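Topology and contacts: notes
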Amino acid sequence: MKCDELKKMAVWLDITEQQFGILLSIYKIEAIRERTTPKNIEKEYMKAYGKAPQRSNLFRQIRQLISKNMITKGGQGIYSVNFDAIYSILQSRKEGFIEELNEFNRVSEQLKQYFKKAVLQTTKPKVSYLNYDEFYNTLAKSLRTADKFYKISNFPTIAYTYPLTTGIGISNYTDLVWERCFKRGELHACYLTTLNIDFPFNHAFRTYGDPKKAYRECKIIIDQLWNQIETHNNLDIRYLKEPQGMDVFIPERYEPREFFLYTRDEHRNIIGGIEIRSPETAISAKHMFMRDFEYAKQIRGHEGEKIIENLKKKLEEKYSLCKF
């Protein structure tokens with residue numbers, strides 16, 4: 001057996017080269033039908049390798065081979081190679097090699113995904129707490145380079161009028177969304193919303209200080225929302241009565257690398273947010289969002305018209321007295 005093969009066999013069996021040399025010596029003595037005593041093992045090893053192990057070391061190595069069940073000890077200090085046990089060890093190692101080869105093939109075929117996963121696992125999340133103005137300014141900044149965003153919203157502020165967005169202090173953010181989503185058509189917007197009419201009404205009342213104007217503003221907003229949906233295919237708004245996930249905003253370019261959580265007051269109004277910069281966590285947040293999003297009703301076509309009509313009825317039922 002060549003030296004390289006000897007080294008490989010020792011590695012495969014998880015033993016030292018010296019221990020493998022002792023195994024070979026025992027086998028050769030057995031093959032010529034001589035007694036495999038320690039003295040004869042020592043002589044055979046000397047012939048094969050030019051140097052014999054010290055007697056104390058020989059017994060120590062033999063004991064280790066016995067503990068691994070590769071050799072057995074019979075009466076009168078006679079040793080034998082246990083081929084069944086060696087075969088089992090090699091079979092076990094073979095299964096490990098096959099699994100390693102399969103993993104090698106998987107990594108080779110999906111090299112970019114492997115590197116991406118490795119980078120994600122070593123990236124520590126960075127968390128920033130933002131007040132109201134900081135929150136919307138940071139959202140706007142994140143959307144300057146995004147291709148798409150995913151947002152859970154009580155009501156889509158994309159349909160708010162300019163005076164209303166100015167009144168509640170989000171005009172910088174909505175201006176950017178309108179510019180990139182509607183004028184340039186380069187930003188895809190995905191909203192998951194409860195269509196809670198209380199939110200635009202309360203925002204309008206806070207801005208104008210007049211319930212009649214707030215009511216009229218909500219009518220304009222509902223019509224504007226439907227016009228936007230009918231006009232722009234890159235606006236995907238879906239209705240779900242009770243989303244199960246967190247209140248999130250997730251910007252994405254190729255894949256999300258950060259996401260935002262809203263912080264709210266006791267009236268459920270947004271008062272700020274939390275920015276979490278972690279690609280791995282952002283991807284998980286997107287998966288949670290998509291579970292609800294795929295289940296929700298898309299506001300488009302005949303079904304969308306029905307949802308919008310029901311929304312108008314809710315406005316009428318709840319705030320019709322504000323007309324007078």
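Heads up: the structure comes first, above all this text.
Let me sum up the structure you'll find in this document. (Residues numbered from 1 in each chain as written. Predicted model: local features only at pLDDT ≥ 70, side-chain atom pairs only at ≥ 80, totals over all residues. Heavy atoms only, no water.)

Quick notes on unusual backbone geometry
Look at aspartate 14: it is not a glycine, yet its phi comes out positive at around 60°. For aspartate 14, the position within the fold is in the loop between α1 (3-13) and α2 (17-31). Judged by relative accessible area, which is 56%, aspartate 14 ranks as exposed. The residue asparagine 69 is not glycine, and still its phi comes out positive at about 70°. Note on placement: asparagine 69 falls in the loop between α4 (55-67) and β1 (71-73). (Helix = DSSP H or I, 4+ residues; strand = E, 2+ residues; numbered from the N terminus. Buried < 20%, exposed > 50% of the residue type's maximum accessible area, 1.4 Å probe, protein only.)

Let's talk about the sheet that holds strand β6 (residues 235-239)
One open sheet holds the 8 strands; their spatial order is β3-β9-β8-β7-β4-β5-β6-β10, and the pairing between them is mixed. Unpaired on one side and paired on the other, β3 (126-131) and β10 (297-298) mark the two borders of the sheet. For strand β7 (residues 248-252) and strand β8 (residues 258-264), the ladder comprises 2 bridges, and the chain directions are antiparallel. By the bridge assignment for β8, valine 248 is matched with leucine 261. Packed onto the sheet, helix α12 (residues 279-295) meets β4 (148-153), β5 (188-193), β6, β7, β8, β9 (270-277) and β10 and runs at close to 65° relative to β5. (Pairing = 2+ DSSP bridges. Contact = heavy atoms within 4.5 Å. Axes fitted to C-alpha atoms, helices over the stretch in contact; angles between N-to-C directions.)

Brief notes about the side chain of threonine 193
Relative to the assigned elements, threonine 193 resides in strand β5. On the accessibility criterion, threonine 193 (0% relative accessible area) is buried. A polar atom in the side chain of threonine 193 sits 2.9 Å from the backbone oxygen of serine 153. Polar contacts involving the side chain of threonine 193 include one to the main-chain carbonyl oxygen of asparagine 154, which spans 3.2 Å. Apart from the residues within four sequence positions on either side, threonine 193 is in contact with Ser153, Asn154, Phe155, Pro156, Ile237, Arg238, Tyr239 and Leu240. (Polar contact = N/O pair within 3.5 Å; in protein donor to acceptor, adjacent residues only side chain to side chain.)

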